[in-house]
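A structural walkthrough
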Amino acid sequence: AQSVTQLGSHVSVSEGALVLLRCNYSSSVPPYLFWYVQYPNQGLQLLLKYTSAATLVKGINGFEAEFKKSETSFHLTKPSAHMSDAAEYFCAVSEAGGTSYGKLTFGQGTILTVHP
Amino acid sequence: DVKVTQSSRYLVKRTGEKVFLECVQDMDHENMFWYRQDPGLGLRLIYFSYDVKMKEKGDIPEGYSVSREKKERFSLILESASTNQTSMYLCASSYADHGKLFFGSGTQLSVL
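1. With respect to the pairing of strand β8 (residues 73–78) of chain B
Residues and elements named next belong to chain B. When you tally the buried positions in β8, you get five out of six residues, the bulk of the element. By the bridge criterion, six bridges tie strand β3 (residues 19–25) to β8 in an arrangement that is antiparallel. Across the sheet, the residue bridging to Cys23 is Phe74, located in β8. Bridging between strand β7 (residues 64–70) and β8 involves five bridges; their strand directions are antiparallel. Bridge pairing in β8 links Tyr64 to Leu78. The turn joining β7 and β8, which pair antiparallel and follow one another in sequence, is formed by two residues.

Here it is as structure tokens:
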């Protein structure tokens, strides 16, 4: 079975500050890992995806995440927060290949607030 | 542009009613999913389908059923709505096993 834990249900940063959203996963097989973002009153959009190529993954809007197998982590970072980054962020895991049909297991979500 | 359309943005139903939530995708995707989203719980998988007329239970299927008669359409059915099914329901689709899900905007269902 696979699971995802996001540390911190709310994160607050100042505009221009570093954004760090934490995600730890468990999976019995090599995982695919994802970060999704949800803006108010919208569905989820893919930010970035790890599929066993480079461990540092770059996504849209200046976000990136690093896969660390030894720590079972996939933390999301952005060097400089912008007001438009305020949203809820979800980490998700999928089992690579097999009969997973690409279904994802999501974390609890982290709401990012950006202060002027 | 890729599109997943959910028929209603807001729905209000009464306890015991049969409720249908509809989802249509225009990308010829094999896989379709229904999740419910609750604050502090993230998204939880209710059911998914990997082909027409094929379906599998997710993590929380109790009280729900699904139908996929055509590739582009995936319906979620609440046989007898209850107040604990008040939630945001999100539909998604993907190509087989690529893992990138495309989401609809969601249906906020209130059961009174």
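2. What about the side chain of Asp85 of chain A?
Residue and element names in this part refer to chain A. Within the fold, Asp85 resides in the loop between β8 (73–78) and β9 (87–95). Residue Asp85 is classed as buried on the basis of its relative accessible area, which comes to 2%. Here the side chain of Asp85 touches Lys78 through a polar contact of 2.8 Å, side chain to side chain. With near-sequence residues (within four places) excluded, Asp85 lies in contact with Phe63, Lys78, Ser80, Leu112 and Val114.

3. A closer look at the interface of chain B and chain A
How big an interface is tends to be reported as the loss of accessible area on association of its parts. Of the residues lining the interface, 24 residues belong to chain B; the matching set on chain A comes to 22 residues. For the pairing of chain B and chain A, the buried interface totals around 1800 Å² over both sides, and the portion due to carbon and sulfur atoms is 55%. At the junction of chain B and chain A, the tally comes to zero salt bridges. Counting across the interface, chain B meets chain A through four residue pairs in polar contact (both at pLDDT 80 or more). Elements with a contribution of two residues or more to the side of chain B that touches chain A: β4 (31–38), β5 (42–51) and β9 (87–94) of chain B. For the side of chain B that touches chain A, the element with the highest residue contribution is β5 of chain B, accounting for five residues. A class-by-class count of the residues in the side of chain B that touches chain A yields 11 nonpolar, nine polar and four charged.

Procedures and definitions
- Residues numbered from 1 in each chain as written.
- Chains lettered and ligands numbered in written order.
- Predicted model: local features only at pLDDT ≥ 70, side-chain atom pairs only at ≥ 80, totals over all residues.
- Heavy atoms only, no water.
- Buried < 20%, exposed > 50% of the residue type's maximum accessible area, 1.4 Å probe, protein only.
- Helix = DSSP H or I, 4+ residues; strand = E, 2+ residues; numbered from the N terminus.
- Pairing = 2+ DSSP bridges.
- Polar contact = N/O pair within 3.5 Å; in protein donor to acceptor, adjacent residues only side chain to side chain.
- Contact = heavy atoms within 4.5 Å.
- Buried area = accessible area lost by both parts, 1.4 Å probe.
- Salt bridge = Lys/Arg side-chain N within 4 Å of Asp/Glu carboxyl O.
- Nonpolar A, V, L, I, M, F, W, Y, C, P; charged D, E, K, R; others polar.

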